[in-house]
Amino acid sequence: TVYGNDRGISNYSTGNNLIVKNTLAAANTGVDFYSGSNTMTISYSASSDATADDFSGTTGDRVSQTFTFVDTGNDDYHLAKNDAGAAGYGTDLSIDATYPIVNDIDYDTRPGRNSNNLAIIPWDIGADEINPQYGVIKDGVRLKDGVRLK
């Protein structure tokens, strides 16, 4: 989750393809996703502007979304339980060949898999998983101007 910066996710590395998965970018003053003359591959990501699907090879991206966070005024960028922009639109990265991830930023476990190796419920886009089966999301994560854990 990238919120309230000059640019959200940017690729300034000449000749390298930046791979972006399950990433939420919102309220950035420039653009949410930017690559200039470089390349990015984006999948299952979401933006508050129209840039999440501006790149070749995009899959499952959501653009021009409104996200609902717990309390942006106090730098709490956990997804609110009533979010409709990112909740349930991510992809399961637990068996991803490049970036296998099973926990969110709070170390809450993302949804598991069943005996057929299919995700039980859809993942959320961004650093936080609402994770209704585990109850209340933990407090204390600040993501404005970089990641800070309290």
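Summary of the structure given here. (Residues numbered from 1 in each chain as written. Predicted model: local features only at pLDDT ≥ 70, side-chain atom pairs only at ≥ 80, totals over all residues. Heavy atoms only, no water.)

The helix and strand inventory of the protein chain stands at 0 helices and 11 strands. Ordering the α and β elements of the protein chain from the N terminus gives β-β-β-β-β-β-β-β-β-β-β. Burial status across the protein chain gives 43% buried among its 150 residues. Total accessible area on the protein chain is roughly 7700 Å²; 50% of this is exposed by carbon and sulfur atoms. (Helix = DSSP H or I, 4+ residues; strand = E, 2+ residues; numbered from the N terminus. Buried < 20%, exposed > 50% of the residue type's maximum accessible area, 1.4 Å probe, protein only. Areas by Shrake-Rupley, 256 points an atom, 1.4 Å probe, with all protein chains shown as cover.)

This part takes up the pairing of strand 9 (residues 76-79). The two faces of strand 9 match: D76 and H78 on one face and Y77 and L79 on the other face are all buried. Direction of pairing for strand 8 (residues 69-71) relative to strand 9: antiparallel, over a ladder of 2 bridges. Along strand 9, the bridge assignment pairs F69 with L79. Counted along the chain from strand 8 to the antiparallel partner strand 9, the turn is 4 residues long, and its residue D75 has a positive phi close to 60 degrees. (Pairing = 2+ DSSP bridges.)

The strand order across the open sheet formed by 3 strands is 1-4-7, and the pairing between neighbours is parallel. Each end of this open sheet is capped by a strand with a single partner; those strands are strand 1 (2-3) and strand 7 (46-47). Note: strand 1 against strand 4 (residues 24-26), 2 bridges, orientation parallel. By the bridge assignment, Y3 is partnered in strand 4 with A26.

Next up on the list: the packing of aromatic side chains. Going through the model one piece at a time under the given rule, you end up with 5 aromatic pairs. For the pair Y12 and Y34, a centre-to-centre distance of 6.0 Å together with 50 degrees between the ring planes defines the contact as tilted. One end of the pair, Y12, is in the loop between strand 2 (9-10) and strand 3 (17-21); the other, Y34, is in strand 5 (residues 33-34), with 22 residues separating them in the sequence. You can call Y12 exposed: its relative accessible area is 55%. Under the relative-accessibility criterion, Y34 is labelled partly exposed at 28%. Their ring planes at 80 degrees and their centres at 5.8 Å tell us that F69 and Y77 sit as a pair that is edge-to-face. The residues F69 and Y77 share a single accessibility class, namely buried. (Phe/Tyr/Trp six-rings, centres within 6.5 Å; stacked < 30°, edge-to-face > 60°.)

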